[in-house]
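Coordinate inspection notes
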Amino acid sequence: MSLLSVEGVSKEYHVRGKKVLALDSIDLAVAQGEFVTVVGPSGCGKSTLLNLIVGLLRSSSGRILFRGDPINGICTKIGYVTQKDNLLPWRTLIENVEIALEIRGIENSARRQRAQELIGQVGLSGFEDHYPHELSGGMRQRANIIRTLIYDPELILMDEPFGPLDAQTRVVLQDQLLKLWLASRKTIVFITHDLVEAITLADRVVLMTSRPGRIKSIENVTIPRPRNVFQIHERPEFRSAYERLWEQLRPEVNLAEA
Ligand SMILES: Nc1ncnc2c1ncn2[C@@H]1O[C@H](COP(=O)(O)OP(=O)(O)OP(=O)(O)O)[C@@H](O)[C@H]1O
Ligand SMILES: [Mg+2]
């Protein structure tokens, strides 16, 4: 059984008497431990898809199953890393990271210890007592990711978490994310605009059409792990996957810009 299955899901928004079909008949099954990336042009419904999976929105048709059970309302077994970090400005880095454990009533020293471990794994040791405005964009995004990992969700959704960062920082964070993922083997659905990032991270890349978003193709990425994110683009398997995906994506991007 798939951990997540999206079956015939469509989503129509109603805006001031106008209907906007954002997603059309999406079918996607994600296995436990899989790393799936989703690429598609702006406005094709990628964030809508994640909002449906996590239960923030309801689909207009079709259904979404998590471990075989339909999603009805917010599902706490699913972690959601949003594009914009939602760190609380009045809490320090470590207080932001441990917040989910605090809400769950985990005792102070245990949650401190777990937060400290994760902070160390993403190279933020020494910054525990800094407030969000005293951190760089890359540091805030790392904190944003580990504050979701800390409560150990079975499925993690990520909406362009590295979007606003510069190219070098992105690659470093991709490397850290893959190491965290290899250690925990969580299931991840990761949205990105960037084809290179999509291939670098994924077991499978799902490519979407421009709006209304449909699945146009799915590419299996067979590059062995652990992957060297700094050199992966030199591999022939990478180049051929990139060419196939770009061929499919190009007309969608042009359409979206027209
Ligand atoms: N709350 C909403 N109400 C009405 N329409 C919406 C709402 N959210 C999104 N839409 C519309 O649905 C479509 C898909 O939006 P969505 O944010 O899911 O796209 P996206 O693929 O995440 O785009 P981007 O890559 O720019 O983040 C867009 O046309 C958008 O205008
Ligand atoms: Mg979006």
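Residues numbered from 1 in each chain as written. Chains lettered and ligands numbered in written order. Predicted model: local features only at pLDDT ≥ 70, side-chain atom pairs only at ≥ 80, totals over all residues.

**Brief notes about the domain arrangement of the protein**
Examined at the domain level, the protein breaks down into domain 1 (4–77 + 154–257) and domain 2 (81–152). In this structure, domain 1 and domain 2 have C-alpha centres spaced 24 Å apart. Between domain 1 and domain 2, the residue contacts involve 15 residues of the former and 13 residues of the latter. Looking at the side of domain 1 that touches domain 2, the elements that each hand over two or more residues are strand E7 (155–159) and helix H6 (167–184). Here the side of domain 1 that touches domain 2 gets five residues from one element, more than from any other, and that element is H6. Per-class residue counts for the side of domain 1 that touches domain 2 are 10 nonpolar, three polar and two charged. (Domains from an automatic or database assignment. Contact = placed C-beta atoms within 7 Å. Helix = DSSP H or I, 4+ residues; strand = E, 2+ residues; numbered from the N terminus. Nonpolar A, V, L, I, M, F, W, Y, C, P; charged D, E, K, R; others polar.)

**Remarks on the environment of Val 9**
Tracing the sequence through the fold places Val 9 in strand E1 (residues 4–15). Judged by the 23 C-beta atoms lying within 10 Å of it, Val 9 falls in the buried class. Distance from Val 9 to Arg 63, taken between C-alpha atoms, is 5.9 Å for residues 54 residues apart in sequence. Apart from the residues within four sequence positions on either side, Val 9 is in contact with Leu 23, Ile 26, Leu 52, Ser 59, Gly 62 and Ile 64. (Buried ≥ 20, exposed ≤ 12 C-beta atoms within 10 Å, placed from the backbone.)

**So, helix H5 (residues 137–149)**
When the terminal C-alpha atoms of H5 are compared, their 19 Å separation across 13 residues agrees well with the 18 Å that a helix rising 1.5 Å per residue should span. The element H5 is largely enclosed, with a buried count of 11 among its 13 residues. For H5, every residue scored as buried is listed here: Gly 138, Arg 140, Gln 141, Arg 142, Ala 143, Asn 144, Ile 145, Ile 146, Arg 147, Thr 148 and Leu 149. Residues of H5 that are buried in the fold lie against strand E6 (78–81), helix H2 (93–97), helix H3 (99–103), helix H4 (108–121), E7 and H6. (Expected span 1.5 Å × (residues − 1).)

**Some details on the sheet that holds strand E3 (residues 35–39)**
Strand-to-strand pairing in sheets goes through backbone hydrogen bonds, with the strands running parallel or antiparallel. Here we have six strands laid out as an open sheet, ordered E6-E7-E8-E3-E9-E10, and mixed in their pairing. For this open sheet the edge positions go to E6 and strand E10 (215–220), each flanked by a neighbour on one side alone. On average, adjacent strands in this sheet sit at an angle of 15 degrees to one another, irrespective of strand direction. Sheet topology note: the E6/E7 ladder contains four bridges and is parallel. If you follow Tyr 80 over to E7, its bridge partner there is Leu 157. Together, E3, E6, E7, strand E8 (187–192) and strand E9 (204–208) form the strand contacts of helix H1 (residues 46–54), whose direction differs from that of E7 by roughly 155 degrees. Docked against the sheet, H5 engages E6 and E7, running at close to 175 degrees with respect to E6. (Pairing = 2+ DSSP bridges. Axes fitted to C-alpha atoms, helices over the stretch in contact; angles between N-to-C directions.)

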